Amino acid sequence: MSPSRKAVLGQNQYGKAETRVVKVTRDGSVHHIKDLNVSVSLSGDMDEVHYSGSNANVLPTDTTKNTVFAFAREHGIDSAEQFGIHLARHFVTGQEAIGTARIRIEEYAWDRIGASGSDSRTAGADEINHSFVRNGREIRTAQITFDGENWEILTGLKDLTVLNSTNSEFWGYVKDRYTTLPEAYDRILATDVSACWRHNWTSDDERSPDWDSSYQQARRHILEAFAETYSLSLQQTLFQMGSRVVENLPEIDEIRFSLPNNHHFLVDLEPFGLTNENADGGVYFAADRPYGLIEATVLREGAQQRIPVDMTNL
Ligand SMILES: O=c1[nH]c(=O)c2[nH]c(=O)[nH]c2[nH]1
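Since the structure is predicted, the reported quantities are computational estimates derived from the model, not experimental observations. (Residues numbered from 1 in each chain as written. Predicted model: local features only at pLDDT ≥ 70, side-chain atom pairs only at ≥ 80, totals over all residues. Heavy atoms only, no water.)

Moving on, we get to the overall build of the protein. Check the secondary structure of the protein and you find six helices and twelve strands. Principal-axis analysis of the C-alpha atoms gives the protein an extent of 80 × 75 × 40 Å. In the protein, buried positions account for 41% of the 314 residues. In the protein, the proportion of contacts linking residues at least 24 apart, taken out of those at least 6 apart, comes to 66%. A total of about 17700 Å² of accessible surface is found on the protein, and carbon and sulfur atoms cover 49% of it. A gap of 4 Å separates the mean positions of the 30 positive and 46 negative side-chain charges of the protein. (Helix = DSSP H or I, 4+ residues; strand = E, 2+ residues; numbered from the N terminus. Buried < 20%, exposed > 50% of the residue type's maximum accessible area, 1.4 Å probe, protein only. Contact = heavy atoms within 4.5 Å. Areas by Shrake-Rupley, 256 points an atom, 1.4 Å probe, with all protein chains shown as cover. Lys, Arg positive; Asp, Glu negative; His and termini not counted. Charge placed at Lys NZ, Arg CZ, Asp CG, Glu CD.)

Listed below in structure tokens is the structure:
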């Protein structure tokens, strides 16, 4: 049979990407900031708009953007996850044609200038209660998906840059005719952690996590595992980071990491008559590319693996 010449519509989704919403909350003279980048993606009964151009089922992307701003004003932003859950529920339950809503959120952190993040309320300290500096640390991410029945809450972070100046080795690896890498018994281990973890929360669940505290705990376990693991490979460190999160946080069933191995090479200083060794505090060339890229998922035993292999768009 010859193949059909007829084209049909496949998977489709639409929405407004990257609505930048900043919510200021005033608690007297002490202000709080939530700074989010929200992307809404809707799907459902959208064949007609593609086939005939009928917009009868189309909630404009402009409206989804307005909803983000209105919800921030009406309901505030408690956490990225809570805000995303609220939006996803609104689109799916409010519009017949929309079956699934996926909300992606990046959150940028701000610190108080001069108060190292504390809520200073002392008289005369007004100027530091509303002055913030963008925190150069990681970006927090959240993706909330709701199909009218099931929820999937993915939380994560990216660009969490960490470095161990010792307690890292790499040796005993396979060697073939192209291998030139010298074995390392004391090297720098550095990476920019990208991680994404899946909560086992469903909306019927009484134990709704405190999303912010859960995030902070996951972040802490990742950092502590990095610092405390005597590493024989970045792969081993990755598994330690993931297993600490899964074993300490019952609300998380799965975590995936993408870890570039940010290589630091000892500079050859022999031409200048200088030695250069790790053991007595070396001088390194921090290479930006190429880099090793170590990626893996760590799961609670018996849990399903659902986080996509490629997390670049999460
Ligand atoms: O921790 C590491 N894992 C590797 O797989 C690898 N490969 C490599 O060249 N250096 C390293 N380091």
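Mean pLDDT for the protein: 91, with 94% of residues reaching 70 or above. Averaged pLDDT values for the elements of the protein fall to 59 in helix α4 (residues 126-129) and rise to 98 in helix α6 (residues 234-248). Confidence over residues 116-126 falls short of pLDDT 50; this stretch has 13 contacts with residues more than four positions distant or in other chains. Here the predicted complex scores 0.86 on pTM and 0.99 on ipTM. (pLDDT = per-residue confidence, 0-100.)

Time to look at the site of the ligand. Near the ligand the following residues occur: F170, L181, R187, S233, L234, Q235 and N261. Contact between the ligand and R187: an oxygen atom at 2.8 Å from a side-chain N or O atom of the residue. Here Q235 contributes a side-chain N or O atom positioned 2.9 Å from a nitrogen atom of the ligand. Its free accessible area being 300 Å², the ligand has 71% of it covered by the protein chains. Considered class by class, the residues forming the shell around the ligand number three nonpolar, three polar and one charged. (Near = heavy atom within 4 Å. Polar contact = N/O pair within 3.5 Å; in protein donor to acceptor, adjacent residues only side chain to side chain. Nonpolar A, V, L, I, M, F, W, Y, C, P; charged D, E, K, R; others polar.)

Here we take up the pattern of salt bridges. Evaluation of the coordinates by the stated rule reveals 14 salt bridges. Measuring nitrogen to oxygen at the nearest pair gives 2.7 Å for the salt bridge that ties R198 to E254. Here R198 is found in strand β8 (residues 189-199), whereas its partner E254 is found in strand β9 (residues 252-261), with 56 residues between them in sequence. Judged on exposure class, the residue R198 and its partner E254 are both buried. The residue E228 makes a salt bridge to R244 at a minimum N-O spacing of 2.9 Å. Taken together, the residues span a long stretch of sequence, with E228 in helix α5 (residues 211-228) and R244 in helix α6 at a distance of 16 residues. Residue classification places E228 among the exposed positions, given a relative accessible area of 53%. Beyond isolated ion pairs, a larger network of salt bridges with shared partners links K34, E81, E107, R140 and D212. (Salt bridge = Lys/Arg side-chain N within 4 Å of Asp/Glu carboxyl O.)

Side chains of W171, Y185, Y230 and L232 sit close together on the surface and give an oily, nonpolar patch of about 430 Å² of accessible area. With respect to the secondary-structure elements, Y185 resides in the loop between β7 (151-164) and β8. (Patch = residues over 30% accessible without salt bridge, like charges linked within 9 Å, V, L, I, M, F, W, Y side chains within 5 Å.)

Our focus in this paragraph is the packing of aromatic side chains. Each pair of aromatic rings is reported with the distance of its centres and the angle of its planes. Tallied over the full model, the rule gives six aromatic pairs. Their ring planes at 10° and their centres at 4.0 Å tell us that F146 and W151 sit as a pair that is stacked. What makes W151 buried here is its relative accessible area of 10%. Counting every residue linked through ring pairs, the aromatic cluster contains F146, W151, W201 and W211. For the cation-ring pair, R140 lies above Y215, with the distance from its terminal atom to the ring centre recorded as 4.4 Å. (Phe/Tyr/Trp six-rings, centres within 6.5 Å; stacked < 30°, edge-to-face > 60°. Lys NZ or Arg CZ within 6 Å of the ring centre and 35° of its normal.)

Following both chains from N to C, one finds α5 and α6 inclined at 140°, their axes separated by 8 Å at the closest point. The chirality of how α5 crosses α6 is right-handed. Of α6, the residues touching α5 (which contributes A218, H221, I222, E224, A225, F226 and E228) are T237, Q240, M241, R244, V245 and N248. Across the contact of α5 with α6, the residue classes tally to six nonpolar, four polar and three charged. (Axes fitted to C-alpha atoms, helices over the stretch in contact; angles between N-to-C directions. Left-handed = near helix turned anticlockwise from the far one by under 90°.)

Right, let's get into the nonpolar core. Grouped together as the largest cluster of nonpolar side chains are 31 residues, with contacts concentrated most on V38, F83 and I103. If you list the elements that add at least two residues to this core, you get β2 (30-44), α2 (61-75), α3 (80-94), β3 (98-108), β6 (139-146) and β7. At seven residues, the largest contribution of residues to this core is made by α3. Setting aside residues no more than four positions away along its own chain, V38 makes contact with K16, A17, E18, T19, V21, V68, F83, L87, I103, R104 and I105. Residues Y215, A218, F257 and V298 belong to the second largest nonpolar core, which totals 24 residues. (Core = buried A, V, L, I, M, F, W, Y, C linked by side-chain atoms within 4.5 Å.)

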